[in-house]
Amino acid sequence: MVYTLLAAPPLWQSLVKDPSRIPDTVEELLRLIPLGTNSTFPRVAGDDVDGSWGRINAGSVVYLDVFAANRDPAVFGDPLAIVPGRNGPKHLQFGYGMHHCMGAALARMEIVTVLEILVARLPGLELAVPAVEVPGVHGTILRRPAALPVRWPSLR
Ligand code: HEM
């Protein structure tokens, strides 16, 4: 998320100017940033399931694409836009139902706290290299920058 915010400086500056926007912005970043290569653990269909896609036979292993669901234009208007404070359906980045992420509240608190401290202490934080040059790790469970070269004015 820090990478995403620094790659879009107006977004970072919007949080510097008004840190009360952080929780709603984090919710949008959770919706839009794919956590890993697969969005969920596999499920095994307990019954035959018919839908617009055809039939999923009982016993089939299914990977549901939550990342696509989180960008479904029928659910989220202008889905690729970061719109803090969207009303309506919630994203599925923390899963749904009986296996909903047990750490969701902690994760939200950690992310919001880190960003609140960063915008307060290092408001001039910026990427030290062009965003496209930041190396990525594209793991099955976690994708993230391999390193995040940054600078802030007092060190120049
Ligand atoms: C941004 C951070 C996080 C994201 C996006 C995330 C996402 C998810 C998702 C999507 C699932 C459900 C997977 C599925 O149903 O296939 C899940 C499950 C789980 N998460 Fe997280 N998680 C995050 C952080 C954490 C943290 C910080 C903890 C613990 C401290 C945690 C603990 C768990 C546990 C225990 C489950 C399994 C719940 C179950 O199967 O009943 N997660 N998480």
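Residues numbered from 1 in each chain as written. Predicted model: local features only at pLDDT ≥ 70, side-chain atom pairs only at ≥ 80, totals over all residues. Heavy atoms only, no water.

Our focus in this paragraph is the side chain of Thr25. With respect to the helices, strands and loops of the structure, Thr25 is situated in helix H3 (residues 22-32). Exposure remark for Thr25: the relative accessible area of 1% places this residue in the buried category. Those residues in contact with Thr25 that sit more than four places away from it in its chain are Leu5, Leu15 and Pro84. (Helix = DSSP H or I, 4+ residues; strand = E, 2+ residues; numbered from the N terminus. Buried < 20%, exposed > 50% of the residue type's maximum accessible area, 1.4 Å probe, protein only. Contact = heavy atoms within 4.5 Å.)

In the vicinity of the ligand, 16 residues are found, and the nearest of them are Phe41, Arg43, Gln93, His99 and Cys101. The separation between an oxygen atom of the ligand and a polar main-chain atom of Phe41 is 2.9 Å. Side-chain polar atom of His99 to an oxygen atom of the ligand: 2.6 Å apart, as the coordinates give it. (Near = heavy atom within 4 Å. Polar contact = N/O pair within 3.5 Å; in protein donor to acceptor, adjacent residues only side chain to side chain.)

Look at H3 against helix H5 (residues 104-121): their axes get within 10 Å of each other, and the N-to-C directions meet at 125 degrees. Of the possible angle classes, the one that applies to H3 and H5 is oblique. The two elements H3 and H5 cross, and the hand of that crossing is right-handed. Where H3 abuts H5, its residues Ile22, Pro23, Val26, Glu27 and Leu30 lie against Arg108, Ile111, Val112, Leu115, Glu116 and Val119. Of the residues assigned to the contact of H3 with H5, the class counts are eight nonpolar, no polar and three charged. (Axes fitted to C-alpha atoms, helices over the stretch in contact; angles between N-to-C directions. Parallel < 35°, antiparallel > 145°, perpendicular 65-115°, else oblique. Left-handed = near helix turned anticlockwise from the far one by under 90°. Nonpolar A, V, L, I, M, F, W, Y, C, P; charged D, E, K, R; others polar.)

A word on the coordination of the iron atom of the ligand. Of the protein atoms, Cys101 (SG) alone serves as a donor to the iron atom of the ligand, at 2.2 Å. Take Cys101: it is sitting in the loop between helix H4 (66-69) and H5. (Donors = N, O, S within 2.8 Å, 3.2 Å for Na, K, Ca; no water.)

Time to look at the pattern of salt bridges. Under the definition given, this model contains six salt bridges. With a shortest N-O distance of 2.9 Å, Arg86 and Glu28 are connected by a salt bridge. Residue Arg86 is located in the loop between H4 and H5, and its partner Glu28 is located in helix H3; the two are separated by 58 residues in the primary sequence. Residue classification places Glu28 among the buried residues on the basis of a relative accessible area of 4%. Between Arg55 and Asp48 there is a salt bridge whose closest N-O contact spans 3.4 Å. Each of the salt bridges in this network shares a partner with another, and the network as a whole consists of Glu28, Arg31 and Arg86. (Salt bridge = Lys/Arg side-chain N within 4 Å of Asp/Glu carboxyl O.)

A few words on the environment of Pro145. In this fold, Pro145 is placed in strand S7 (residues 143-145). Taking the relative accessible area as the measure of exposure, Pro145 reaches 34% and is therefore partly exposed. Through-space distance from the C-alpha of Pro145 to that of Leu32 is 16 Å; in sequence the pair is 113 residues apart. If near-sequence neighbours (up to four positions away) are discounted, Pro145 is found in contact with Tyr3, Val134, Pro135 and Gly136.

A word on the confidence of the model for the protein. Low pLDDT means the predicted coordinates in that region are not meant to be read closely. Looking at the protein, the pLDDT average stands at 93 and 98% of residues meet or exceed 70. Per-residue pLDDT, averaged within each element of the protein, yields its smallest value for strand S6 (residues 136-138) (90) and its largest for H5 (98). (pLDDT = per-residue confidence, 0-100.)

Of all hydrophobic cores here, the largest spans 19 residues; its most connected members are Leu5, Leu6, Trp12, Ile22, Val26 and Leu115. Of all the elements in the fold, those that place two or more residues in this core are helix H1 (2-7), helix H2 (9-17), H3 and H5. With residues up to four places along the chain from it excluded, the contact list for Leu115 reads Val2, Leu5, Trp12, Ile22 and Val26. (Core = buried A, V, L, I, M, F, W, Y, C linked by side-chain atoms within 4.5 Å.)

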